[in-house]
2 protein chains.
Amino acid sequence: MQDSESLLSSLRLNMPLFEEMQSFTGKKYEEMILNQANRPASMSYFDHAVLESERARIGEIIEAREHGAKMIGTFCIYVPDEIVYAASAIPVALCGGTSLSVPYAERKFPRDICPLIKSTLGRAFSRTCPYAPLEDMGVGETTCDAKKKTWDILSQKSRFHILELPQKKNGRDAGLWREEVREFRDAVENLTGNKVTSEKLGDSIRLMNRKRKLLLELNEFRKLPLPPISGRDALVVMQVALNDERERFCNRLEALVNEIHSRAGNEISQFPEGTVRVLVTGCPSVMGNWKLHSIIETSGAAVVCDESCTGTRYFERMVDENAKTAEDMIDAIADRYFKINCSCFTPNNERIEHVVELAKEYKADVVIQYVLHYCHTYAIEAMRITEALKTAGIPSMVIETDYSDEDEGQLRTRIEALLERVKN
Amino acid sequence: MQDSESLLSSLRLNMPLFEEMQSFTGKKYEEMILNQANRPASMSYFDHAVLESERARIGEIIEAREHGAKMIGTFCIYVPDEIVYAASAIPVALCGGTSLSVPYAERKFPRDICPLIKSTLGRAFSRTCPYAPLEDMGVGETTCDAKKKTWDILSQKSRFHILELPQKKNGRDAGLWREEVREFRDAVENLTGNKVTSEKLGDSIRLMNRKRKLLLELNEFRKLPLPPISGRDALVVMQVALNDERERFCNRLEALVNEIHSRAGNEISQFPEGTVRVLVTGCPSVMGNWKLHSIIETSGAAVVCDESCTGTRYFERMVDENAKTAEDMIDAIADRYFKINCSCFTPNNERIEHVVELAKEYKADVVIQYVLHYCHTYAIEAMRITEALKTAGIPSMVIETDYSDEDEGQLRTRIEALLERVKN
């Protein structure tokens with residue numbers, strides 16, 4: 001394998017800016033993640049995966065592409081990785097978590113769209129995303145207005161497939177979604193020239209279920225009175241899950257789960273007894289974004305559960321493994337993904353009830369709703385969540401923010417006041 | 001009929017605030033609409049309809065309800081009025097166009113949603129919308145994130161039906177939409193207790209088609225070198241169309257069309273020869289909102305076409321009158337509405353091409369894209385429209401604004417500079 005510098009130079013990135021972003025992210029990671037005391041030793045793999053996600057991992061993808069594999073860029077956990085893997089392609093989550101690229105998007109796109117989209121676009125526009133030049137096809141979905149319309153623009157310039165996620169949850173919508181997933185399968189077969197057979201699909205269903213089960217197992221430990229893993233470390237694992245090589249990831253995750261198991265037995269935790277337990281719900285925190293979790297945990301609380309796309313929504317519910325034919329497997333996959341509770345649905349009672357259930361299961365003392373600026377669906381749904389939590393007697397707060405550091409002090413003050421109130 | 005004051009008092013409005021809003025709107029109407037020189041005499045009916053839309057019109061609705069009719073509140077031109085009328089119910093467009101009610105929405109809802117939604121909600125929350133207490137059912141749709149999620153909240157408090165508009169335009173989506181329209185028919189039958197028969201549906205299809213044809217006819221005159229009606233007056237007609245009594249409206253519109261016909265013959269126009277011709281495209285300007293059209297026309301240009309929900313999207317394309325059974329009629333209705341080119345679709349090439357076509361048909365010298373703050377779909381689609389217009393050699397500008405007066409000076413400066421550039 002080539003060394004990482006020459007690999008990167010083959011991608012024609014804006015190297016000075018790329019280096020600046022890398023060092024910015026590295027510094028943040030050190031301050032927010034590595035600085036924690038008493039972390040599980042097995043986190044070192046995930047630390048390495050974060051810091052090398054745009055170097056060593058890129059090398060692997062370049063090599064796989066040289067052997068004929070296609071890379072598929074995704075922006076949402078509704079895209080069924082099972083299908084991508086069954087066609088021997090590589091799915092990579094391209095959502096941006098850095099504030100540094102935001103201005104590059106704002107030069108071309110409206111400013112009042114969410115930082116996640118702007119960060120993602122900004123990296124592509126500023127030629128600092130090493131994955132972008134490797135993408136053989138992008139897959140967009142219709143989960144929000146800003147993303148949906150962004151695909152219109154991106155699909156003018158490069159190969160793009162759009163998966164329509166319907167907006168209600170009834171049988172008619174579930175049927176449309178199955179057909180959309182089928183069409184996605186066709187698009188992936190077309191791109192790769194590989195047939196998505198029942199055998200390959202069966203394998204990838206089992207592999208993805210294994211990944212989900214391990215993540216679920218890890219998260220179960222967060223229910224303990226003394227959580228043996230911090231919310232920040234659990235978040236890092238989730239972020240790595242979205243674009244690491246799947247088998248290696250599962251093996252390393254298994255090692256982490258074993259270590260966490262033994263830490264739990266020995267009551268080893270990064271938190272003292274009586275630490276306020278926080279459930280975070282709402283928008284995802286993707287790679288590069290550790291802001292909220294870091295503020296919460298350096299304010300003396302523990303994040304014990306994430307109801308988000310970088311949390312429970314990603315690993316809850318397995319794909320039914322009983323299907324025999326490829327068509328039945330596609331339906332089983334579609335049905336599993338259709339049950340993810342994104343705020344894009346109307347009505348969305350399932351999510352509202354589930355947040356309350358999770359708060360109880362994970363014994364959260366308080367719920368913080370995380371809403372990225374200009375994300376209409378989570379911002380408005382927050383009102384119903386607040387009400388449901390109030391009825392259940394669980395204190396909560398809505399934090400609306402972006403990727404900048406500017407409001408950190410203000411957020412810290414608000415969060416500390418909330419924690420103080422809960423402790424009393 | 002009772003006098004309007006006692007009618008209004010029966011609705012338990014916040015009368016001082018209601019009066020303040022009425023007088024504010026009345027003053028704006030005088031400054032922006034009535035002040036125009038050389039208007040068609042037949043506009044007096046529409047002036048009256050605007051100024052009485054919340055008094056005399058309310059009286060009519062109260063009376064109809066006393067005789068058993070139901071009032072259905074709508075927020076979008078995708079809601080098929082044919083079905084509402086066929087059940088002897090009254091559809092009323094409830095979208096708010098006043099800035100005065102916006103703060104009342106911002107106290108409860110996120111601030112960064114569009115002024116149209118905030119104005120609408122604010123009127124209900126501040127008890128200044130006289131239609132709200134008369135609404136027997138609301139009908140929401142899924143055209144944008146903010147509206148879609150707003151229905152979740154409103155449907156907790158009152159009877160509400162949600163029509164899912166799919167997000168792509170293929171056959172699968174068209175099929176889902178037909179079923180949604182069918183379900184809406186069932187909901188309206190349920191509410192009213194009236195069966196939507198083929199006879200009633202046939203009548204209402206013909207009546208709505210008549211309305212559309214008359215509006216189309218009126219707008220055809222705007223293609224003339226000397227438009228015999230101003231853009232502001234044409235907009236007022238559209239605003240009245242959305243909640244006036246349908247038969248009377250058609251009769252009065254017919255009289256206006258006749259007058260416009262004769263003005264055209266005599267080359268009577270509010271504009272001197274060589275006036276710069278503007279096509280406005282994008283978000284709607286609903287009752288109470290004459291801001292952009294007024295700035296454009298008092299800057300020496302003429303608005304000759306509106307590609308918006310208060311423009312061509314409302315009256316283009318007829319419902320096929322050949323269907324015989326009620327079920328076939330429902331399909332014909334669904335198919336007509338499904339062809340409206342809202343920016344909520346992906347991809348949406350039809351709208352992009354249509355804007356260019358309309359600009360040519362109406363001989364627009366320039367296109368102004370009107371985007372309400374935080375409207376992601378029009379804001380992002382504006383990029384493709386700008387590009388398509390550029391390719392066609394038509395100058396254009398994107399105006400992003402809300403309902404406040406604050407940016408009026410700035411908008412005027414930008415628009416004047418654009419017009420100056422076009423003239424040279």
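Look up a bit, the structure's there.
Residues numbered from 1 in each chain as written. Chains lettered and ligands numbered in written order. Predicted model: local features only at pLDDT ≥ 70, side-chain atom pairs only at ≥ 80, totals over all residues. Heavy atoms only, no water.

Digging into the overall build of chain A
Filter applied, for reference: Numbering of helices and strands runs from the N terminus, with a helix taken as a DSSP run of H or I at least four residues long and a strand as a DSSP run of E at least two residues long. Atoms considered for the radius of gyration are the C-alpha atoms alone. The globule rule reads 2.2 Å times the number of residues to the power 0.38. Think of it in three bands: with a 1.4 Å probe and only protein chains considered, a residue is buried below 20% of the maximum accessible area for its type, exposed above 50%, and partly exposed in between. Contact between two residues is taken to exist if any of their heavy atoms lie within 4.5 Å; hydrogens are not considered. Methods summary: accessible areas were calculated by the Shrake-Rupley approach with a probe of 1.4 Å, and residue burial reflects only the protein chains presented.
When helices and strands are tallied, chain A shows 18 helices and 8 strands. Here the C-alpha radius of gyration of chain A, 21 Å, is about what a compact globule of 424 residues would show, namely 22 Å. Burial statistics for chain A: of 424 residues in total, 63% are counted as buried. Of the contacts made within chain A by residues no fewer than 6 positions apart, 77% connect residues no fewer than 24 positions apart. When the accessible area of chain A is evaluated, it comes to approximately 15500 Å², of which 49% is carbon and sulfur surface.

Topic: the relation of the copies chain B and chain A
Keep this limit in mind: Residues below a pLDDT of 70 in either copy are left out; the C-alpha atoms of the rest, at least 70 in both, set the least-squares superposition of the copies.
After a rotation of 180° and a shift along the axis of 0.0 Å, chain B superposes on chain A with an RMSD of 0.0 Å. Expressed as an axis order, the relation between the two copies is that of a two-fold axis.

Observations concerning helix α11 (residues 231-241) of chain A
Burial within α11 of chain A is extensive, with 11 of its 11 residues counted as buried. Regarding α11 of chain A, the residues found buried are G231, R232, D233, A234, L235, V236, V237, M238, Q239, V240 and A241 of chain A.

Quick word on the state of the cysteines
All names here are of chain B. What counts, and what does not: When the sulfur atoms of two cysteines come within 2.5 Å, that pair is taken as a disulfide.
Tallied over the full model, the rule gives 0 disulfides over all chains. The structure places no disulfide on C144, whose sulfur is separated from the nearest cysteine sulfur, that of C114, by 6.3 Å. The thiol of C305 is unpaired, and the distance to the nearest cysteine sulfur, on C309, comes to 13 Å.

Regarding the sheet that holds strand β6 (residues 301-307) of chain A
Residue and element names in this part refer to chain A. To keep things clear, this is the line we draw: For two strands to count as paired, DSSP must find a minimum of two bridges between them. Every axis in this analysis is a line fitted to C-alpha atoms, fitted for helices over the stretch in contact. Angles between the N-to-C directions lie between 0 and 180 degrees.
Read from one edge of the open sheet, 4 strands run β6-β5-β7-β8, paired in parallel fashion. The strands lining the two open edges of the sheet, one partner per strand, are β6 and β8 (396-401). For this sheet, the mean inter-axis angle between neighbouring strands, taken without regard to orientation, is 30°. Sheet analysis places strand β7 (residues 366-372) next to β8, joined by 6 bridges and oriented parallel.

Here's the deal with the pairing of strand β3 (residues 137-141) of chain B
All names here are of chain B. When you tally the buried positions in β3, you get 5 out of 5 residues, the bulk of the element. Note: strand β1 (residues 71-74) against β3, 3 bridges, orientation parallel. Across the sheet, the residue bridging to G73 is G138, located in β3. Relative to strand β4 (residues 160-163), β3 runs parallel, the two sharing 4 bridges. Bridge pairing in β4 links E141 to L163.

Notes on the packing of aromatic side chains
We describe a pair of aromatic rings using the distance from one ring centre to the other and the angle between the two ring planes. Let me state the cut-off plainly: Aromatic contacts are taken between Phe, Tyr and Trp rings whose centres are within 6.5 Å, Trp giving its six-membered ring; a plane angle under 30 degrees counts as stacked, one over 60 as edge-to-face, and the others as tilted. Here, a charge over a ring means that NZ of Lys or CZ of Arg falls within 6 Å of the ring centre while also lying within 35 degrees of the ring normal.
Applying the stated criterion across every chain yields a total of 19 aromatic pairs over all chains. Consider the rings of F338 of chain A and F345 of chain A, whose centres lie 5.6 Å apart with planes at 90°: the pair is edge-to-face. The burial state of F338 of chain A is the same as that of F345 of chain A; both residues are buried. Arranged with centres 4.8 Å apart and planes meeting at 40°, the rings of F75 of chain B and W151 of chain B form a pair that is tilted. Separated by 76 residues along the polypeptide, F75 of chain B in the loop between β1 and α5 (81-86) and W151 of chain B in helix α8 (residues 145-157) bring together distant segments of the chain. An aromatic cluster is built from Y45, F46 and F249 of chain A, whose rings are joined through pairwise contacts. For K211 of chain B, the ring lying beneath its charged end belongs to F249 of chain B, and the centroid distance is 5.5 Å.

Description of the interface of chain B and chain A
Quick note on the threshold: Defined in terms of a 1.4 Å probe, buried area is the accessible area two parts forfeit on being brought together, summed over both. The rule for a salt bridge is simple: a side-chain nitrogen of Lys or Arg has to be within 4 Å of a carboxyl oxygen of Asp or Glu.
If you look at the interface, chain B gives 43 residues, while chain A gives 43 residues. Overall, the association of chain B and chain A removes approximately 4100 Å² of surface from exposure, summing both partners, and the carbon and sulfur fraction of that is 53%. Here chain B is connected to chain A by 10 salt bridges. Of the charged contacts, one joins E183 of chain B and K168 of chain A as a salt bridge, the two residues approaching to 3.8 Å between their closest N and O atoms.

Observations concerning the pairing of strand β4 (residues 160-163) of chain A
Here is the rule: With the strands aimed away from the viewer, a crossover counts as right-handed if its path from the first strand over the helix to the second runs clockwise.
Burial along β4 of chain A is two-sided: F160 and I162 of chain A and H161 and L163 of chain A, pointing in opposite directions, are all buried. Considered for its hand, the β-α-β crossover made up of strand β3 (residues 137-141) of chain A, helix α8 (residues 145-157) of chain A and β4 of chain A is right-handed.

Section: the pattern of salt bridges
Taken as a whole and judged by the stated rule, the model has 87 salt bridges over all chains. With a shortest N-O distance of 2.9 Å, K168 of chain B and E180 of chain A are connected by a salt bridge. Of the two residues, K168 of chain B is situated in the loop between β4 and α9 (171-192) and E180 of chain A in helix α9 (residues 171-192); the pairing between them involves two chains. With respect to class, K168 of chain B is no different from E180 of chain A; both count as buried. In this structure, the salt-bridge partner of R222 of chain A is D306 of chain A, at a minimum N-O distance of 3.1 Å. Highlighted residues: R222 of chain A in the loop between α10 (198-220) and α11 and D306 of chain A in strand β6, separated in sequence by 84 residues. Assessed through its relative accessible area of 2%, R222 of chain A is described here as buried.

Concerning the packing of helix α11 (residues 231-241) of chain B against helix α12 (residues 246-265) of chain B
All names here are of chain B. How we decide: Any angle that falls under 35 degrees is termed roughly parallel, while one over 145 is termed roughly antiparallel, one within 65 to 115 roughly perpendicular, and all others oblique. Crossings are classed by handedness, with left-handed meaning an anticlockwise turn of the near helix from the far one by less than a right angle and right-handed meaning a clockwise turn.
The geometry of α11 relative to α12 is characterised by a closest axis approach of 11 Å and an angle of 165° between their N-to-C directions. For the element pair α11 / α12, the angle class is roughly antiparallel. Of the two elements, α11 crosses α12, and the hand of that crossing is left-handed. Facing α11, whose interface residues are V237, V240 and A241, α12 presents F249, L253 and L256.

Structural notes on the environment of N322 of chain A
Residues and elements named next belong to chain A. Residue position: N322 is located in the loop between α14 (312-315) and α15 (326-338). Taking the relative accessible area as the measure of exposure, N322 reaches 58% and is therefore exposed. When the C-alpha atoms of N322 and G202 are compared, they prove to be 9.3 Å apart, with 120 residues separating the residues in sequence.

With respect to the packing of α11 of chain A against helix α13 (residues 291-298) of chain A
Residues and elements named next belong to chain A. Taken N-terminus to C-terminus, the directions of α11 and α13 make an angle of 160°; their axes are 9 Å apart at the nearest point. In terms of orientation, α11 and α13 fall into the roughly antiparallel class. Seen from above, α11 lies across α13 with left-handed handedness. In contact with G231, R232 and L235 of α11, α13 contributes H293, S294, E297 and T298.

Observations concerning unusual backbone geometry
All names here are of chain A. At the junction of T346 and P347, the peptide bond is cis and its omega measures out at -15° in the coordinates. By secondary structure assignment, the location of P347 is in the loop between α15 and α16 (349-361). With phi around 60°, N38 is a residue other than glycine that occupies positive phi space. Note that N38 resides in the loop between α2 (15-34) and α3 (43-51). The phi angle at R317 is positive, at roughly 65°, despite the residue not being glycine. The exposure class of R317 is partly exposed, given its relative accessible area of 31%.

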